[in-house]
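What the coordinates show
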Amino acid sequence: MADDLSVDNAVARLAVYVDQATSPMQLADIALDMRSGRISRRCWLEDIATTLRGKAAAFDEVRRAAACVSHDRADGETDAMTVERLAGGFDRAVAISPAASVQLSSLGDEDRLSATTGEVALWLERQGLLGAHKHILDIGCGIGRLEYVLGAMAGHVVGIDISPGMIDIARRRCAGLANVEFHLTLGLDLGDFADASFDCVLAMDSFPYLVLAGVAERHFGEIARVLRQGGMAAILNYSYRTSPDADSADTNRLARAFGMDVLVDGEMPFGSWDGTVFVVRRSGGT
């Protein structure tokens, strides 16, 4: 594990990849045993150990939430079956920890989740995706954490998700925000929306599941369809593959295929989250 990861992101990866039989305390001991003479790495491992010991219960909760969603596709599983399975997994995960179900590195802490959400929202604003007259579609809105912030930064925000449990929480979170709405979706396309009906499309940590379900290319075409000329889309994590070059190649290929320009190609601009971002723009605008 690279020590350029934040401590929270490193701990989240341990929750996903390390056998559940290994306790947080055992992982803390392993981290301390791995300390080297290099000061930065030594401090990083010590901070990981401190987090694991101080947040053992939260770590186990994150671990259980992560285990609800399988990233393996069974032989013979259709696209629709994969989406249905994922929806059930997200329902189970959000029942364990709403914050961890949408961002494992929050370690189930709403304050940590809010910090990342705020950082993402400010980045979106700097990219020109937000504004008082912008109509925004958020694919895979989860528990509505972005909508809660973007309600004050955009004209109208529509969040869609495949998980009924997440949509329920999102509606409660954003109750009273007149310019925010949520819809449960089948997750196969954007057929509920008309051509050229949005100025901006967001997909924060949802494309990896579209890739898994085999509907990423279809969604790319749908994004181009529902965007107005010059409209932009931000894809925050295209996949969970370990090859940034492959994600960049796929994003550039699909952008060309559907008449879009790539403005941001695989950057990692966030301090509190290790997401890789792509921004594309539908041709015909500035």
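Above: the structure in question.
A brief look at the structure comes next. Because the structure is a prediction, the values reported are computed rather than measured.

Things to note about unusual backbone geometry
Its identity as a non-glycine residue notwithstanding, Leu 107 has a phi of 55 degrees, on the positive side. Overall, the relative accessible area of 5% leaves Leu 107 in the buried class. With phi around 80 degrees, Asn 237 is a residue other than glycine that occupies positive phi space. You can see Asn 237 is positioned in the loop between strand 5 (227-236) and helix 12 (244-257).

A word on the pairing of strand 1 (residues 131-139)
With six bridges joining them, strand 1 and strand 2 (residues 154-161) adopt parallel strand pairing. Its bridge partner lying in strand 2, Leu 137 is registered against Val 158. In this fold, strand 1 hands off to helix 8 (residues 145-150), which returns the chain to strand 2; that crossover is right-handed. Note that strand 1 and strand 4 (residues 198-204) share three bridges and pair parallel. Across the sheet, residue Leu 137 finds its bridge partner in strand 4, namely Val 201.

Concerning the packing of helix 2 (residues 24-33) against helix 4 (residues 56-67)
Across the interface, helix 2 lies against helix 4 with an axial gap of 9 Å and an inter-helix angle of 105 degrees. Between helix 2 and helix 4, the angle falls in the class roughly perpendicular. Residue-level contacts link Pro 24, Met 25 and Leu 27 of helix 2 to Ala 56, Phe 59, Asp 60 and Arg 63 of helix 4. Along the lines of polarity and charge, the residues of the contact of helix 2 with helix 4 split into five nonpolar, no polar and two charged.

Focus on helix 1 (residues 7-17)
Burial in helix 1 covers these residues: Val 7, Asn 9, Ala 10, Val 11, Ala 12, Leu 14 and Ala 15. Residues of helix 1 that are buried make contact with helix 3 (39-54) and helix 4.

Details of the pattern of salt bridges
Taken as a whole, this structure holds 17 salt bridges when the rule is applied. A salt bridge links Arg 225 to Glu 222, with the shortest nitrogen-to-oxygen separation between them at 2.8 Å. Residue Arg 225 and its partner Glu 222 are both found in helix 11 (residues 216-226); the two are separated by three residues, about one turn of the helix. The partly exposed category is assigned to Arg 225, whose relative accessible area is 24%. One connected set of salt bridges, linked through shared partners, spans Glu 217, Arg 241, Asp 247, Asp 250 and Arg 253.

What counts and how
Residues numbered from 1 in each chain as written. Predicted model: local features only at pLDDT ≥ 70, side-chain atom pairs only at ≥ 80, totals over all residues. Heavy atoms only, no water. Buried < 20%, exposed > 50% of the residue type's maximum accessible area, 1.4 Å probe, protein only. Helix = DSSP H or I, 4+ residues; strand = E, 2+ residues; numbered from the N terminus. Pairing = 2+ DSSP bridges. Right-handed = clockwise from strand over helix to strand, strands pointing away. Axes fitted to C-alpha atoms, helices over the stretch in contact; angles between N-to-C directions. Parallel < 35°, antiparallel > 145°, perpendicular 65-115°, else oblique. Contact = heavy atoms within 4.5 Å. Nonpolar A, V, L, I, M, F, W, Y, C, P; charged D, E, K, R; others polar. Salt bridge = Lys/Arg side-chain N within 4 Å of Asp/Glu carboxyl O.

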